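# Remarks on the overall topology
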Amino acid sequence: MSTMLKSLQDLRSATEKDPAVPPPPHGVTPAPPPPYGVAPAPPPPYGVTLPPPPPYGVALSPPPGYGVAPAPPPPYGVTLPPPPPYGVALSPPPPYGVAPAPPPPYGVTLPPPPPYGVALSPPPPYGVAPAPPPPYGVAHAPPPGYAPPFQPCACGLCDESPLQWMFNLMTRSEEEDAAYPFKVFISNLDRRELLGVASLLTSDPDYFLEIARNKNGSNRLQKLVGKSDDVDNLICDAILYRFLHVMTDKHASYVATRGLRVFAGKKKEFMCEELIHHALLLARDRHGCVALNAMLTDLDHPYYRNQLLDIVAHNALPLSNDTSGNFVVQHVLKLNNPRTMGNVALSLRGHCIDLSFKKYGSYIVERLLEADESVAVVVMELVESNGDRLMRLTRSEYGNYVVNKALKVTQRRKTRVDLFRGLVQKLMPFLTFLRKSRGNNIAVFLESVHQTEVA
C-alpha cells in the first residue's frame, strides 16, 4: 500500500513541471543562471527579433569604459562610414588640448593626401609664423641664384625664351658684343621698345640681381640708366627691392652708384633713405664700404649727406676698429667737413693711442692731426698719457709715425706752440731708449730741437 502511494506522488510531481522549457541538447552546457540579486533580461517586445549571436570564435566588442557613455546612434537617414579594411590603422586622435581641424567649407575640396612613403613638410618651429601666401595673381618669387628656365619662344622660330635671350645679350663677353654693340642696340629702340627691355630686365628681382652681379651685365645696366624716366623708375624699384644685395656686390654696386648720380626727385630720396637705413651694415662690408664712400662723395642732397656723415661720426670708434669700416672713417675725414671732423674727434677721444698701435687706426689718427678741429684732442692725449705707454707707442711699428707727425704738425702751427713744447718735454726723458729702434726718427727730431734751443 505504501509503495503504491509513493508511485502516485512521483507521477504527480513529474506532471507539475514546466513543459515549455525543453531540456538542452545532448553535449551542450546550459547557460548559467544570473547572479544572485540580478534580474534576468526581459524578453524583446512583440515583433522585434534579437540579432543573432556572433559566429563561433569571434569576440564581442567590449563595452565602453566606466563612466563613458556609448556613442549615440546616427540621425535618421545618415549612414555611418564603413570601418577601415583589416590591417589598416585609424589615424590617431589629436593631442590633448588640441582641437581637431574643422571640416572644409561647403563646396571646397581638400587636396588629396601625399602618396604612400612621401613625408609631409614639417610645420614651422614654435613661435614662428608660416610665410603668408602671395597676393592673388602674384606668383612666388624664385630663390636667390635663380636662373630663368628654358622655355621655347612663342614665335617658334628660335630656341630661346625672351628671358634667356635677354640674359645672354646682357652678359655676353666683350668680344661677342663687339660684333653688334649693346650701345648701338639700345640706340635703335624707340621709347616703347626701350621700356619693354627694361620691363623684361626687372620682371624678377633675382633675375635682375644675377645680371647686375655680372661684370658685363653691370656695365650694360649702367648704360640704360638715364635713358628715360620710365626706365629709371623700373630700375630704381629693382635696386630698392634688393638694395643690400646690390650694394654689397662688387659689380652690382656700380649700378646703384650710377643711379644715385642720375636719379632725381622721389627716386633719389628713396635711395638716400635706404642708404641711411643700411649705412652701418654697408660700412662693415668689404664691397659695401667702397659703395658707401662713392655715394658720400657724389651725394649732393645736403639733408641726407649730413645725416650720413653724422652716422659715421657717432659710430667712429667701432668703425675704426673694423677692417672695412675704418676706410669709411678715413674717407669722411678726407672730405674736410669741419663739423664732421670735430664729431669724429669727440667720438675717438681717449682711444687715439690704442688706435695708433694698429695699422689702419694709425691712418685715422694721422688724419685727425691734419685738422685744426681735432689736432688738440690727439696731442693732449699723448701728453697726458703714461710715460711707459708713450715710450712703447713711439717704438711701435705704426705708432712712431703718429708721434712723429704730431711733433711736426704742432711745430708748424704757431698757435699750437704750447702743445709742441709739452710733447717735447714728455719725450725727452726717453731719448736714449728711442735710438736704434723704430723711434729713431723721433730721437733725431728731438736732438735737432734741443740743439736749436741751446744755440
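A brief structural summary. (Residues numbered from 1 in each chain as written. Predicted model: local features only at pLDDT ≥ 70, side-chain atom pairs only at ≥ 80, totals over all residues. Heavy atoms only, no water.)

### Quick notes on helix 16 (residues 325-334)
Convention followed: Using a 1.4 Å probe on the protein chains alone, a residue whose accessible area is under 20% of its type maximum counts as buried, one over 50% counts as exposed, and one in between counts as partly exposed. Strands here are runs of E lasting at least two residues and helices are runs of H or I lasting at least four, both read from the DSSP assignment and numbered beginning at the N terminus.
Taken across its 10 residues, helix 16 has eight buried, putting it largely inside the fold. Every buried residue of helix 16 is accounted for by G325, N326, V328, V329, Q330, H331, V332 and L333. One or two steps after helix 16, the chain reaches N336, where phi turns positive at roughly 55°.

### Details of the nonpolar core
The following threshold applies: Side-chain atoms within 4.5 Å are what join buried Ala, Val, Leu, Ile, Met, Phe, Trp, Tyr and Cys residues into a set we call a nonpolar core. Each domain's extent was defined by an automatic or database domain assignment. In this description, contact between two residues means that some pair of their heavy atoms is separated by no more than 4.5 Å.
Counting 93 residues, the largest nonpolar core has L221, I239, M271 and L407 as its most contacted members. Taken domain by domain, this core gets at least three of its residues from each of domain 1 (160-300) and domain 2 (337-454). Those residues in contact with L407 that lie beyond four places of it in its chain are F420, L423, V424, L427, I442, F445 and L446.

### Side note on a nonpolar patch on the surface
Inclusion rule: Exposure above 30% relative accessible area and the lack of any salt bridge qualify a residue for a patch; like charges then connect within 9 Å, and the nonpolar side chains Val, Leu, Ile, Met, Phe, Trp and Tyr within 5 Å. Throughout, the Shrake-Rupley method with a 1.4 Å probe supplies accessible areas, and for residues the shown protein chains are the sole cover considered. Salt bridges are defined as contacts in which a side-chain nitrogen from Lys or Arg sits within 4 Å of a carboxyl oxygen from Asp or Glu.
A surface patch of nonpolar side chains, about 260 Å² in accessible area, is lined by F327, Y360 and Y363. Turning to its location among the elements, F327 is positioned in helix 16.

### Focus: the packing of aromatic side chains
Where we set the bar: Aromatic rings from Phe, Tyr and Trp, taking only the six-membered ring of Trp, are treated as a pair when their centres fall within 6.5 Å; an angle between ring planes under 30 degrees marks them as stacked, one over 60 as edge-to-face, and anything in between as tilted.
Under the counting rule described, the total for this entry stands at seven aromatic pairs. Relative to Y304, the ring of Y303 has its centre 5.1 Å away and its plane inclined at 75°; by these criteria the two rings are edge-to-face. Clustering of aromatic rings is evident, with ring pairs tying together W165, F182 and F185.

### Quick look at the pattern of salt bridges
All told, the structure shown has 15 salt bridges when counted by the stated rule. In this structure, the salt-bridge partner of R339 is D310, at a minimum N-O distance of 2.9 Å. Highlighted residues: R339 in helix 17 (residues 338-348) and D310 in helix 14 (residues 302-314), separated in sequence by 29 residues. Note on D310: relative accessible area 16%, which makes it buried. One network of salt bridges, with partners in common, ties together R172, D177 and R220.

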